[in-house]
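One-letter residues, chain by chain:
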Amino acid sequence: EPEVTQTPSHQVTQMGQEVILRCVPISNHLYFYWYRQILGQKVEFLVSFYNNEISEKSEIFDDQFSVERPDGSNFTLKIRSTKLEDSAMYFCASRVNEKLFFGSGTQLSVL
Amino acid sequence: AQKITQTQPGMFVQEKEAVTLDCTYDTSDPSYGLFWYKQPSSGEMIFLIYQGSYDQQNATEGRYSLNFQKARKSANLVISASQLGDSAMYFCAMRDFFSGGSNYKLTFGKGTLLTVNP
C-alpha cells in the first residue's frame with residue numbers, strides 16, 4: 001500500500017543550525033502538508049502546499065520556516081535557525097481526496 | 001473556532017472485546033469532516049477512518065467504525081474484536097469548513113491512550 005515516507009526518522013541539531021526534513025508524498029497526491037507534535041501536546045498544523053505554492057500557513061510557520069517541492073517527488077521543510085522550542089515530531093501529510101495520510105514522522109531534537 | 005474533545009485520557013479493554021473511544025466536537029460550520037488516527041508508541045500517525053458531515057451512513061473500515069451522531073456532535077470510534085496491537089494513542093480530528101481544496105487544516109483532540117489486555 002502506498003505510504004508517505006519521511007527521512008530522517010530522528011534528527012539532532014544544535015540551536016541556530018539549519019535543518020531540512022524530507023518527505024516523499026504518495027505519488028498521485030496533489031496536496032501536501034506539514035504538521036508537528038510537541039511532546040505531550042496536540043498535533044498542530046503548520047502549512048499546506050498545492051500547485052507549487054503555499055496555500056495556508058499557521059502562526060507557528062514564521063520566516064524561519066520554508067517549504068519546497070524541488071522535484072516531482074520530494075517535499076521538504078526547512079528550518080533556517082533552529083530554536084530549542086522547535087523540538088518536536090514533524091509529520092508530513094498528503095492527500096488526493098478527503099483522506100489525509102501522514103508519514104511516520106521525523107523526531108527533531110534541538111540541543 | 002473548531003474544538004475537539006476527547007474526555008477519556010486512558011481506556012482499558014480485554015483482548016477480543018469491543019471498545020468505544022469518545023469524541024465530541026464543536027463547530028458552527030455546515031460542512032466538516034471527522035477523522036480518527038492511531039499513534040503507536042513508535043510515533044507514526046496512522047489513518048483509520050473518515051466521516052464527512054453530509055455522509056448518509058456511518059463510516060466503516062474493517063474493525064473500525066465511526067458512530068456519528070450529528071445532533072449530539074459526537075463521532076465515537078468503535079473498535080471491534082480488540083487485538084494486542086491496538087494498544088496505542090488514538091486521536092480524533094476535524095477538518096475546518098474553510099479547508100476545502102488545497103487547504104486542509106485539521107484540529108486534533110488530546111487523544112485517548114488505549115491499552116488492550118491479554
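Above: the structure in question.
Let us look at the structure shown here. Computed from a prediction, not measured in an experiment: that's the story for all the values here. In this numbering scheme, every chain counts its residues from 1 along its sequence in written order. Going through the entries in the order they are written, you letter the chains from A and number the ligands from 1. Side-chain atom pairs in this predicted model are given and counted only at pLDDT of 80 or more, local residue features only at pLDDT of at least 70, and totals for whole chains, interfaces and linings cover all residues. Excluded from the side-chain calculation are hydrogens and water; included are all heavy atoms of the structure.

Things to note about the state of the cysteines
- By definition, disulfides here are pairs of cysteine sulfur atoms that lie within 2.5 Å. Taken as a whole and judged by the stated rule, the model has 2 disulfides over all chains.
- Across the disulfide, Cys23(A) is cross-linked to Cys92(A) (sulfur-sulfur distance 1.9 Å). One disulfide, between Cys23(A) and Cys92(A), carries an S-S torsion of -65° and so falls in the left-handed class. Here the residue Cys23(A) occupies a position in strand 3 (residues 19-24), and Cys92(A) occupies one in strand 9 (residues 88-95), the gap between them amounting to 69 residues.
- Paired through a disulfide, Cys23(B) and Cys92(B) show a sulfur-sulfur distance of 2.0 Å. Taking the torsion about the S-S bond as the criterion, the Cys23(B) to Cys92(B) disulfide, at about -65°, is left-handed. Of this pair, Cys23(B) sits in the loop between strand 3 (19-21) and strand 4 (24-26) while Cys92(B) sits in strand 10 (residues 88-95), and the two are 69 residues apart along the sequence. Put simply, DSSP marks the helices as runs of H or I at least four residues long and the strands as runs of E at least two long, and each gets a number from the N terminus on.

As for the interface of chain B and chain A
- Between two residues, a contact is recorded if the distance between any of their heavy atoms is within 4.5 Å. If you look at the interface, chain B gives 21 residues, while chain A gives 22 residues.
- For any pair of parts, buried area is found by adding up, for both, the accessible area (1.4 Å probe) each one loses once the two are put together. Across the chain B/chain A interface, buried area totals approximately 1,900 Å², and carbon plus sulfur atoms make up 58% of it.
- We define a salt bridge as a contact between a side-chain nitrogen of Lys or Arg and a carboxyl oxygen of Asp or Glu at a distance within 4 Å. Across the contact surface, chain B and chain A share 3 salt bridges.
- The shortest N-O distance in the salt bridge between Glu56(A) and Lys105(B) comes to 3.0 Å.
- Within 3.5 Å is the distance limit for a polar contact, defined as a pair of N or O atoms, with the added protein rule that one can donate a hydrogen and the other accept it, and that residues adjacent in sequence qualify only through two side-chain atoms. For the pair chain B and chain A, the interface holds 6 residue pairs in polar contact (both at pLDDT 80 or more).
- Listing elements by their share of the side of chain B that touches chain A, those giving two or more residues are strand 5 (33-39), strand 6 (46-52), strand 10 and strand 11 (106-108) of chain B.
- Take the side of chain B that touches chain A: its biggest share by element is 3 residues, from strand 5 of chain B.
- Of the residues in the side of chain B that touches chain A, the class split is 10 nonpolar, 6 polar and 5 charged. Gly is placed with the polar residues, together with every amino acid not listed as nonpolar (Ala, Val, Leu, Ile, Met, Phe, Trp, Tyr, Cys and Pro) or charged (Asp, Glu, Lys and Arg).

Examining the environment of Ile46(B)
All names here are of chain B.
- On the secondary structure map, Ile46 appears in strand 6.
- Among the residues examined, Ile46 registers a relative accessible area of 33% and is labelled partly exposed.
- For the pair Ile46 and Ser65, spaced 19 residues apart in sequence, the C-alpha separation works out to 15 Å.
- When near neighbours in sequence (up to four residues on either side) are disregarded, Ile46 contacts Trp36, Tyr37, Lys38 and Pro40. Burial classification: accessible surface area is computed with a 1.4 Å probe over protein chains only, and a residue below 20% of its type maximum counts as buried, one above 50% as exposed, and the rest as partly exposed.

What about unusual backbone geometry?
Residues and elements named next belong to chain A.
- In the segment running from Thr7 into Pro8, the intervening peptide bond is cis, with an omega of -10°.
- Note that Pro8 resides in the loop between strand 1 (5-7) and strand 2 (10-13).
- The backbone phi angle of Asn51 is positive, close to 55°, even though this residue is not glycine.
- With respect to the helices and strands, the residue Asn51 is situated in the loop between strand 5 (43-50) and strand 6 (53-57).

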